[in-house]
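Listed here are the chains, written in short residue letters.
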Amino acid sequence: MYNFDFDICAIIISLIVMGCMFVIKDRDRDENKMFFWIVINGLICAVLDIIFSVAVNNKGCIPLPLFYTCNNLYLLIHNFVPYQYYIYANMISGAFYKTDKKKYNLLLIPYFVNFVLLITNRFHNLVFSFDSNYGYHREILMICIYGVTLFYLIFFLVHMIIYFKSIRLKMVIMLSLFIWSGIVSVIVQYFYPHLLIELFVQAVVYMSVMISLDDEASHKVSEYDVYSRNTFKRDVKLLIDSDNKFSVIMLKLTNIEGYMSVLGIDQINESLFNIATWLKTVDRQARVYSLNVGVFAIVLTGQENNKAEYVSYVLNTRFREAWKVNDIDIEYNAIVYEVHVPDNLNRVEELLLLGYSETGNGSRVTFVSGKGLEELKRRLKIEQAVRRALISNNFKVYYQPIWDRVHNKIKSAEALLRLYDPEIGAINPEEFIRTAEKNGAIIGIGEFVFEDVCRFLSERDLKSLGIDYIEVNLSPVQCMQRDLTDKFIDIMRKYNIDVNMLNLEITETAAVENTEVMKRTINKLREIGFATSIDDFGTGFASMSSVFNIDFKLLKIDREILWRAEENEEAMIMLKNTIEMGKRMGRKIVQEGVETKAQKELMESLECDYCQGFYFSRPIPEDEFVEYVKKYNGIN
């Protein structure tokens, strides 16, 4: 007699697993849906196994045609489960989303052969048969049933080996249990045919897999009922690691902070919940993620670019209209990024950085794709290079000599930052400085340059070489720091540097746009003895009075004015008047961009105090600078 106690236990465990999946696990994910169906099939097989056992144990209690039907259903469903295992493994490795679905349909052919054999078995009895006493007999074509099971299990194992690195370790262990527990239980049942433990062991494995699955709350943002940033990182990394081509539509609301300060966080969260709910309806098969407050991502699997274009179009259209919350119209400014992975971007970090980029043009909706993403990708790479440089000390300070007309000697130099990144190579200072000012890294960079200059001054006796001071550029962002003066004082004390050896530069545009703030900062710096100069003079659009309102020691005339003066009479008049006016107001004049002998002689004729440019030297490392000054100033 067959003992079906283990089948009863299998049914109980399967029901518990299904209940837990329904209540606390994420039912929306494709892999979880597949796992749910695997458990259901196991449950049905256990019920059919009990019916089979009762029929055999109690001969004649079930009509023979129904007996045949139950056994056919059992074999059909049980034979289909290994195929489901294979699909499940494809889903959790990410390979499912890049594979042509025709492949999975073709893999069903062996199963359909068995399907036909089992449906027609009542007429040929070549798979199994029953005698008049309900005795069950495996016939010659039963090997087809086992062969197809083995066929799918081999595919399953090969897939696990190929995508081993893409699957989380605990899932590798759980999926391995699928195979080995099945093999062990089949062997046991072969030697003890009346002990029906196979489905019980499978149910225990299903319970283990279910426990290993993340709870819905662990990877969703409860306020918006969409997936979280960490889940985005995990899912996208999986798709990238398994060589998928897919699209990400990123939505960033650029003016959300302003609305939050006025309406409060509760109303904004309600608005964001409405947006998240709407995003999930744009494409029912897509996954929606909340990456930050006001930043959402939609992941579209598959290689259909037209689907991404459609979603982008829908977002562009909808966000030109207001979102209503409690009879209040909220008009969000939105940036919509359409990214095709890996064609546009190919790293999770790059995608996440889109949420921090500032590419909006002030309009209600800004759309970025294709070429715009290439420019953005370059900027994101530079942002990463700047962060790496601050950690790994990839920044280097170079010095460009400044020539003194009266003494015909090198009397000072400007400290200029250079960056060579191991991945990108040499980066133009204008690029990385502009990027650093936008993301706030300029504060750390400014402190690095100031401290490195102080270190250089402490290690080398530049006074003995005829150097009066070193010019250090001061970012407008740094000037907004209340403790800037205290930081500089601490650094100078650390290296025992005389404040007279330093001159701080800011650009004309910064001085004009932040006149009052700049005044307070520069006044505090001057109180402790710093000299100051205005850089790139002549490039701004302010009145002379607003610039000279700040007590600058030096005016550094922008190189463009000099270069144009050689070709344009009006530019020459402007150059002469600027130098003359500066001198009358008691400022020293430095001309930037002097690259030829003729330009140097022109500056001499106009009695410009100092010259700086490639005619004298490019920016050079500190050791070369020291040797250059020694040679130029005639010091042995």
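Conventions used here
Residues numbered from 1 in each chain as written. Predicted model: local features only at pLDDT ≥ 70, side-chain atom pairs only at ≥ 80, totals over all residues. Heavy atoms only, no water. Helix = DSSP H or I, 4+ residues; strand = E, 2+ residues; numbered from the N terminus. Rg over C-alpha atoms; globule rule 2.2 N^0.38 Å. Buried < 20%, exposed > 50% of the residue type's maximum accessible area, 1.4 Å probe, protein only. Salt bridge = Lys/Arg side-chain N within 4 Å of Asp/Glu carboxyl O. Phe/Tyr/Trp six-rings, centres within 6.5 Å; stacked < 30°, edge-to-face > 60°. Lys NZ or Arg CZ within 6 Å of the ring centre and 35° of its normal. Patch = residues over 30% accessible without salt bridge, like charges linked within 9 Å, V, L, I, M, F, W, Y side chains within 5 Å. Areas by Shrake-Rupley, 256 points an atom, 1.4 Å probe, with all protein chains shown as cover. Axes fitted to C-alpha atoms, helices over the stretch in contact; angles between N-to-C directions. Parallel < 35°, antiparallel > 145°, perpendicular 65-115°, else oblique. Left-handed = near helix turned anticlockwise from the far one by under 90°. Contact = heavy atoms within 4.5 Å. Nonpolar A, V, L, I, M, F, W, Y, C, P; charged D, E, K, R; others polar. pLDDT = per-residue confidence, 0-100. Expected span 1.5 Å × (residues − 1). Arc of directions from axis to C-beta. Core = buried A, V, L, I, M, F, W, Y, C linked by side-chain atoms within 4.5 Å. Disulfide = S-S within 2.5 Å. Pairing = 2+ DSSP bridges.

## What to know about the overall build of the protein chain
Next, step 1: What the protein chain contains, in helices and strands, is 25 helices and 20 strands.
Next, step 2: Against the 2.2 N^0.38 benchmark of 26 Å for 636 residues, the protein chain shows a C-alpha radius of gyration of 37 Å, more extended than a compact globule.
Next, step 3: Its C-alpha atoms give the protein chain principal-axis dimensions of about 125 × 65 × 45 Å.
Next, step 4: Per-residue burial for the protein chain yields a buried fraction of 52% across its 636 residues.

## Comments concerning the pattern of salt bridges
Next, step 1: Following the criterion strictly, the structure yields 32 salt bridges and no others.
Next, step 2: Between Asp452 and Arg455 there is a salt bridge, with the nearest N and O atoms lying 3.2 Å from each other. Here Asp452 pairs with Arg455, and both are found in helix α17 (residues 442-459), just three residues apart, close to one helical turn. No difference in accessibility class separates Asp452 from Arg455, as the two residues are buried.
Next, step 3: For the salt bridge of Glu604 with Lys600, the shortest nitrogen-to-oxygen distance reads 3.5 Å. Remark: Lys600 and Glu604 occur in helix α24 (residues 597-605); sequence separation between them is four residues, near one turn of the helix.

## Notes on the packing of aromatic side chains
Next, step 1: What the rule picks out here adds up to 34 aromatic pairs.
Next, step 2: Their ring planes at 65° and their centres at 6.4 Å tell us that Phe456 and Phe625 sit as a pair that is edge-to-face. One end of the pair, Phe456, is in helix α17; the other, Phe625, is in helix α25 (residues 622-632), and 169 residues separate them in sequence.
Next, step 3: Chaining the aromatic ring pairs together yields one cluster made of Phe80, Tyr83, Tyr86, Phe96, Tyr97, Tyr104, Tyr111, Phe112, Phe115, Phe151, Tyr152 and Phe155.
Next, step 4: Taking NZ or CZ as reference, Arg29 lies 5.2 Å from the ring centre of Tyr227, over its face.

## Some words on a nonpolar patch on the surface
Next, step 1: Taken together, Trp180, Ile183, Ile187, Phe191 and Tyr192 make up a surface patch of nonpolar side chains, about 600 Å² in accessible area.
Next, step 2: Here Phe191 shows up in helix α8 (residues 169-191).
Next, step 3: According to the relative accessible area criterion, Phe191 is exposed, its value standing at 59%.

## Observations concerning the packing of helix α5 (residues 109-119) against helix α7 (residues 142-162)
Helix-helix packing is described using two parameters, namely the angle between the two axes and the distance between the axes.
Next, step 1: In contact at an axis separation of 10 Å, α5 and α7 are set at 160° when each is read in the N-to-C sense. Compared by their axis directions, α5 and α7 come out roughly antiparallel. Judged by the sense of rotation from one axis to the other, the crossing of α5 with α7 is left-handed. Mapping the contact onto sequence places Pro110, Tyr111, Asn114, Leu117 and Leu118 in α5 and Cys144, Ile145, Val148, Phe151 and Tyr152 in α7.
Next, step 2: Residue classes in the contact of α5 with α7 are distributed as nine nonpolar, one polar and no charged.

## Re unusual backbone geometry
Next, step 1: Omega for the bond connecting Val341 with Pro342 falls within 30 degrees of zero, at 5°, which places this linkage in the cis form.
Next, step 2: Relative to the elements of secondary structure, Pro342 occurs in the loop between β10 (334-341) and α14 (348-353).
Next, step 3: Look at Asn393: it is not a glycine, yet its phi comes out positive at around 60°.
Next, step 4: Tracing the backbone shows Asn393 in the loop between α15 (371-392) and β12 (395-404).
Next, step 5: For Asn393, a relative accessible area of 48% corresponds to the partly exposed category.

## Thoughts on the confidence of the model for the protein chain
Next, step 1: Overall, the prediction assigns the protein chain a mean pLDDT of 85, with 92% of residues at 70 or greater.
Next, step 2: Mean pLDDT values for the elements of the protein chain range from 54 in helix α21 (residues 544-548) up to 96 in strand β20 (residues 610-612).

## Details of the environment of Ile187
Next, step 1: Along the polypeptide, Ile187 turns up in helix α8.
Next, step 2: For Ile187, a relative accessible area of 44% puts it in the partly exposed group.
Next, step 3: The sequence separation of Ile187 and Glu198 amounts to 11 residues, and the corresponding C-alpha distance is 9.4 Å.

## Re helix α12 (residues 265-282)
Next, step 1: Over its 18 residues, α12 runs 26 Å from end to end, which matches the ideal 26 Å to within 8%, given 1.5 Å per residue.
Next, step 2: Ile268, Ser271, Leu272, Ile275, Ala276, Trp278, Leu279 and Val282 are the residues of α12 that are buried. Taken down its axis, α12 places every buried residue within 165° of arc, on the same side.

## Looking at the nonpolar core
Next, step 1: One finds Phe35, Tyr88, Phe178, Phe232, Tyr337, Leu351 and Leu354 to be the most contacted residues of the largest nonpolar core, which totals 94 residues.
Next, step 2: Residues Ala415, Ile470, Ile522 and Leu606 belong to the second largest nonpolar core, which totals 71 residues.

## Some remarks on the state of the cysteines
Next, step 1: Using the criterion set out here, one finds zero disulfides in the structure.
Next, step 2: Note on Cys45: no disulfide assigned, nearest cysteine sulfur contributed by Cys70 at a separation of 12 Å.
Next, step 3: You can call Cys45 buried: its relative accessible area is 1%.
Next, step 4: Considering cysteine sulfurs only, Cys45 is the nearest to Cys144, which forms no disulfide, with 19 Å between them.
Next, step 5: A relative accessible area of 26% means that Cys144 is categorised as partly exposed.

## Overview of the pairing of β12
Each regular strand shows side chains that alternate between the opposite faces of the sheet.
Next, step 1: When you tally the buried positions in β12, you get eight out of 10 residues, the bulk of the element.
Next, step 2: Pairing geometry for β12 and strand β13 (residues 409-421), over 10 bridges, is antiparallel. Counterpart to Asp404 in the pairing with β13 is Lys409.
Next, step 3: The turn joining β12 and β13, which pair antiparallel and follow one another in sequence, is formed by four residues; a positive phi near 55° is taken by Asn408.
Next, step 4: The pairing of β12 with β20 spans three bridges and is antiparallel. In the sheet register, Asp404 faces β20, and the bridge partner there is Tyr610.

## Some remarks on the environment of Val288
Next, step 1: By the secondary structure assignment, Val288 is in strand β6 (residues 287-292).
Next, step 2: Owing to a relative accessible area of 4%, Val288 belongs among the buried residues under this scheme.
Next, step 3: Placed 121 residues apart in sequence, Val288 and Lys409 show a C-alpha to C-alpha distance of 65 Å.
Next, step 4: Residue contacts for Val288: discarding those within four places in its chain leaves Val226, Tyr227, Leu279, Lys280, Ala297 and Ile298.

## What to know about α7
Next, step 1: With 21 residues, α7 should cover 30 Å at 1.5 Å per step; its first-to-last C-alpha distance of 31 Å lies within 8% of that length.
Next, step 2: Where α7 is concerned, the buried positions are Met142, Ile145, Val148, Tyr152, Leu153, Phe156, His159 and Met160. What you see down the axis of α7 is that its buried residues fit within an arc of 140°, all on one side. Along α7, the residues that are exposed and aim more than 90 degrees away from the buried face are Ile143, Leu150, Ile161 and Ile162.

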